[in-house]
Amino acid sequence: MKITFIGLGIMGSQMVSHLVKNNVNLTVYNRSEIKKDTFLNQNVTIADSLQNAVKDADIVFSMLSTPEVVEEVFFGEGNTLSFMKENAIWADCTTVNPSFSLKAFQEAKKHKIRFLDTPVSGSKPQAKNAELLFFVGGKKEVINEVEPYMNMMGKKVLHVGDTGKGASLKMIVNIMLAQSMLIFSEAVLLGEKTGISKDFLLEVLPNLIVSAPFIKFKTDNIKNDNYDVQFPLEWMHKDLHLAAITAYENKQPLFLANLTKELFAGANKKGMGRLDFSAIFKHLEQNG
């Protein structure tokens, strides 16, 4: 099988490394230039155009930033779908809204391309260690063809349902992630105001049953005031926005998630977008 991977950002670059380790017949493409020594002495083809990247591929993975970028690359100006061979598979790992995945499915169908929405749960460390969880929407027989390669990049492939259901589950997970980080931050700040030391709170609260497990991996960021990016705050804001769109389309109010979205919007506006999303603590601390 010939595999192409489009998008070598924070997540994509780590995911590709596992395909390389498994000696996959791999072609990569990035919209910004790839450094020549990135894949030095490795059996990887660096494509110079989208057309050359996908024309022979059996499976094309994409890990891009936003639905708008995916549209531009695949069925907008980039027109990648038109270059893919008939019956190839497009597996989109980008976090997008479910209605966009349905649109992508229809666009792919016009070109006789099979489509899967395959967003992942996890950030840079999980991508680096092949511990991602794939949320997949689409036909089981198509998933079966792609699953061996997803297993190289992650620890589990979860078939959620038909097209768009993988994207739906990713929306749900990320609104929980954002709100959990927010409420923990607010609790620590209140605790400090009552006279409890920050160090004590950061040691005790994450180990209580009421805290989300991932919080343990974010306490050092807060303690050291160092928010090196694992999952950018600007993309968390984007995901909350997509969740709000999805809620509107499904006539489901999102009272707390929308409030969370606006708080992340404020942090993004203050220039924190390229910091880790746990920097929402810093934003609350500065504006409390």
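In this report, the structure presented in the accompanying data block is examined.

Scoring rules and cut-offs
- The residue numbering used here restarts from 1 in each chain and proceeds along that chain's sequence as written.
- The predicted nature of this model means local features are confined to residues of pLDDT at least 70 and side-chain atom pairs, given and counted, to a pLDDT of 80 or more, with totals for whole chains, interfaces and linings taken over all residues.
- Only hydrogens and water are set aside; all other atoms, that is, all heavy atoms of the structure, feed into the side-chain values.
- For our purposes a nonpolar core is just a set of buried Ala, Val, Leu, Ile, Met, Phe, Trp, Tyr and Cys residues, chained together by side-chain atoms within 4.5 Å.
- Each residue is assigned to one of three classes by its accessible area relative to the maximum for its type, calculated with a 1.4 Å probe on protein chains only: buried under 20%, partly exposed between the two thresholds, exposed over 50%.
- Numbering goes from the N terminus for both helices and strands, where a helix is a DSSP run of H or I of at least four residues and a strand is a run of E of at least two.
- Note on contacts: a residue pair qualifies if any of its non-hydrogen atoms lie within 4.5 Å across the two residues.
- Pairing of aromatic side chains requires ring centres within 6.5 Å, counting the rings of Phe and Tyr and the six-membered ring of Trp. Pairs whose planes differ by under 30 degrees are stacked, by over 60 edge-to-face, and all others tilted.
- Only residues whose relative accessible area exceeds 30% and that form no salt bridge are eligible for patches; like-charged ones are grouped when within 9 Å, while nonpolar side chains (Val, Leu, Ile, Met, Phe, Trp, Tyr) are grouped when within 5 Å.
- Here the accessible surface of atoms and residues is derived via Shrake-Rupley with a 1.4 Å probe, and residues count as covered only by protein chains that are part of the display.
- Salt bridge, as applied in this entry: a Lys or Arg side-chain nitrogen positioned within 4 Å of an Asp or Glu carboxyl oxygen.
- Should DSSP find at least two bridges between two strands, the strands are taken to pair.
- The crossover handedness rule: strands pointing away from the viewer, path from first strand over the helix to second strand clockwise, crossover right-handed.
- Every axis in this analysis is a line fitted to C-alpha atoms, fitted for helices over the stretch in contact. Angles between the N-to-C directions lie between 0 and 180 degrees.
- The scheme is simple: roughly parallel for angles under 35 degrees, roughly antiparallel for over 145, roughly perpendicular for 65 to 115, oblique for anything else.
- Each helix crossing is assigned a hand: it is left-handed if the near helix lies turned anticlockwise from the far helix by less than a right angle, otherwise right-handed if that turn is clockwise.
- In this classification, Asp, Glu, Lys and Arg are treated as charged, Ala, Val, Leu, Ile, Met, Phe, Trp, Tyr, Cys and Pro as nonpolar, and every other residue, Gly included, as polar.

1. Here we look at the nonpolar core
Moving on, step 1. Counting residues in each nonpolar core, the largest one holds 33 residues, and the members touching the most others are Phe5, Met15, Leu26, Val28, Phe61 and Phe134.
Moving on, step 2. Those elements that place two or more of their residues in this core are strand E1 (2-6), helix H1 (10-21), strand E2 (25-29), strand E4 (59-62), strand E5 (89-92), strand E8 (132-137) and helix H6 (140-153).
Moving on, step 3. Examining the composition of this core, we find that six residues originate from one element, H6, more than from any other.
Moving on, step 4. Sequence-distant contacts of methionine 15, that is, excluding residues within four places in its chain, are made with Phe5, Met63, Cys93, Val120, Ala127, Leu132, Phe134 and Met153.
Moving on, step 5. With 30 residues, the next largest nonpolar core counts Met171, Leu177, Ile215 and Met272 among its residues.

2. Here we look at the environment of alanine 167
Moving on, step 1. Inspection of the secondary structure assignment puts alanine 167 in helix H7 (residues 165-193).
Moving on, step 2. On the accessibility criterion, alanine 167 (2% relative accessible area) is buried.
Moving on, step 3. If sequence neighbours within four positions are ignored, alanine 167 has contacts with Val96, Asn97, Pro98, Ser101, Asp117 and Pro119.

3. Here we look at the packing of aromatic side chains
Moving on, step 1. Taken as a whole, this structure holds six aromatic pairs when the rule is applied.
Moving on, step 2. Between the aromatic rings of phenylalanine 214 and phenylalanine 277, the centroid separation amounts to 6.1 Å while the plane-to-plane angle is 35 degrees, which identifies the pairing as tilted. In this pair, phenylalanine 214 is assigned in the loop between helix H8 (198-204) and helix H9 (219-224) and phenylalanine 277 in the loop between helix H11 (255-272) and helix H12 (280-287), connecting sequence segments 63 residues apart.
Moving on, step 3. When its relative accessible area of 19% is taken as the criterion, phenylalanine 214 is described as buried.
Moving on, step 4. Taken together through their ring pairs, the aromatic side chains of Phe74, Trp90 and Phe115 make up a single cluster.

4. Here we look at a nonpolar patch on the surface
Moving on, step 1. Together, Ile196, Phe200, Val204, Leu208, Ile209 and Val210 make up a nonpolar patch on the protein surface, roughly 610 Å² of accessible area in all.
Moving on, step 2. Position of isoleucine 209 among the secondary structure elements: in the loop between H8 and H9.

5. Some remarks on the pairing of E5
Moving on, step 1. Burial of E5 is two-sided: the residues Ile89 and Ala91 facing one way and the residues Trp90 and Asp92 facing the other way are all buried.
Moving on, step 2. Relative to E5, E4 is paired through four bridges, and the arrangement is parallel. Bridging from a neighbouring strand, serine 62 pairs with aspartate 92 of E5.
Moving on, step 3. A crossover connection joins E4 to the parallel E5 through helix H3 (residues 67-74); in handedness this β-α-β unit is right-handed.
Moving on, step 4. Across four bridges, the pairing between E5 and strand E6 (residues 114-117) is parallel. Along E6, the bridge assignment pairs aspartate 92 with aspartate 117.
Moving on, step 5. Taken together, E5, helix H4 (residues 98-110) and E6 constitute a β-α-β crossover, and its handedness is right-handed.

6. Regarding the pattern of salt bridges
Moving on, step 1. Going through the model one piece at a time under the given rule, you end up with 12 salt bridges.
Moving on, step 2. Close ionic contact of aspartate 58 with lysine 85 constitutes a salt bridge, the shortest N to O distance being 2.9 Å. With a gap of 27 residues between them, aspartate 58 in the loop between helix H2 (50-54) and E4 and lysine 85 in the loop between H3 and E5 connect regions that are remote in the sequence.
Moving on, step 3. Classification of aspartate 58 as partly exposed rests on a relative accessible area of 21%.
Moving on, step 4. Residue class for lysine 85 comes out partly exposed when judged on its relative accessible area of 33%.

7. Let's talk about the side chain of glutamate 107
Moving on, step 1. Tracing the backbone shows glutamate 107 in helix H4.
Moving on, step 2. Taking relative accessible area as the criterion, glutamate 107 reaches 18% and is therefore assigned buried.
Moving on, step 3. Residues within four places of glutamate 107 in sequence aside, it is in contact with Phe75 and Leu81.

8. Side note on the packing of H7 against helix H10 (residues 233-249)
Moving on, step 1. Between H7 and H10, the least distance of the axes is 9 Å, while the angle of their chain directions is 125 degrees. Considering their axes alone, H7 and H10 lie oblique with respect to each other. In this structure, the crossing between H7 and H10 has a hand that is left-handed. Along the contact surface, H7 presents Met171, Asn174, Ile175, Leu177 and Ala178, while H10 presents Met236, Asp239, Leu240, Leu242, Ala243 and Thr246.
Moving on, step 2. Class assignment of the residues belonging to the contact of H7 with H10 gives a composition of eight nonpolar, two polar and one charged.

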